[in-house]
Every structure is written in structure tokens, then in C-alpha cells.
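# Summary of the model geometry
In case you want the letters, here they are:
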Amino acid sequence: MTDHPLVPADFTVPRELVAEGFRLEPLGEQHNTSDLLAWTASIDHIHATPGWTGTWPPGEGMSPEQNLADLRRHAADFENRRGFTYTVLEPAADEVIGCVYIYPDREEPSVAKVSSWVRADRAHLDAPLYRAVAGWLAEAWPLGEVRYTPR
């Protein structure tokens, strides 16, 4: 990852996206318990998500403290404009049902690489989440090339 901001200094980073079936807000410490429950119940499903790469989430899971450290890292990236992680929540609750990551591509930092996942029991929301986020990024964000695997 780069230490350079992903977006210009004068861009006001959106704090929310509301769509039918879910809403997005910046991932933070307050989501730790619900986030940990969401991904640990869906590890195989997340690994099978189109465009998903890497070794996260770990098959052996993480302690609540390890997950909290991960959330704090994402929140610091958001604050420093180096990357943006949004939690996907039930529309009327604070229950985590997925995540969206917007980060510079490791090989081409000028390209925004986007990935997302939803819980296995919310798999029907994967394509609507993709469409909503892809449209949001195209319309409301000052990003050049965006790579986000279609659903």
C-alpha cells in the first residue's frame, strides 16, 4: 500500500451509502463483535466471492483483539485517505452483513482496487451490492480507473 492519499485533499469522502437491503458506513471499532461474527461464519463463501484474492479471512479465525486491531488499521487508513473500508449493515440495525474495501492497487497505485463480500446467509445481496458500489464510485468519487470484479 502507498502512503499517498487515494483521493484529492479537497474531496469530501462519503460517510454513507444507502441502498435497498443494506447501508454502508465507515468500518470502525464499534463493529468489532458483529464484524467478527459475520466473517467467521462465512469464510468459505468469502473466499469464493468473484475477484476475492489473498489469504484473508484466515481459516483458523482471529481473536476479538486481533480483529479489533484489523478494524483500527482500516479506520486509520480511512482517516489518512489511503484506503476506505465500509461495513455493510442491515438497513435498520447495526448488524454487519459484509464489507467493501477501496484501496490502491499494489502494482498500480493510481488504480483503485475494490473488493467486497457479504455473509453467506446474505449471498443474494452480492450482486446488488456490487451494482450499488460500482455506480456510487463512478458517480460520486474522483477515482480514475477502478477494478472491481463484476457479479
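Residues numbered from 1 in each chain as written. Predicted model: local features only at pLDDT ≥ 70, side-chain atom pairs only at ≥ 80, totals over all residues. Heavy atoms only, no water.

## Quick notes on the overall build of the chain
What counts here: Every helix listed is a DSSP run of H or I at least four residues long, and every strand listed is a run of E at least two residues long, numbered separately from the N terminus. Only the C-alpha atoms count toward the radius of gyration. The rule for a globule is 2.2 Å times the residue count to the power 0.38. The classification of residues rests on relative accessible area computed with a 1.4 Å probe and restricted to protein chains. Under 20% of the type maximum is buried, over 50% is exposed, and intermediate values are partly exposed. Any pair of residues with heavy atoms lying within 4.5 Å of one another is described as a contacting pair.
The helix and strand tally for the chain stands at four helices and six strands. Listed N to C, the secondary structure of the chain is β-β-α-α-α-β-β-β-α-β in terms of helices and strands. Whereas a compact globule of 151 residues would reach a radius of gyration of roughly 15 Å, the chain reaches 14 Å, a difference of no more than 12%. For the chain, the spread of C-alpha atoms along the principal axes amounts to about 35 × 30 × 30 Å. By the burial criterion, 50% of the 151 residues in the chain qualify as buried. The contacts in the chain between residues at least 6 apart in sequence include a share of 63% that link residues at least 24 apart.

## Focus: helix α1 (residues 32-40)
Those residues of α1 that fall on the buried side of the exposure criterion are Asn-32, Ser-34, Asp-35, Leu-36, Ala-38 and Trp-39. Among the structural elements, α2 (43-47), α3 (64-79), β4 (96-104) and β5 (112-118) are those in contact with the buried residues of α1.

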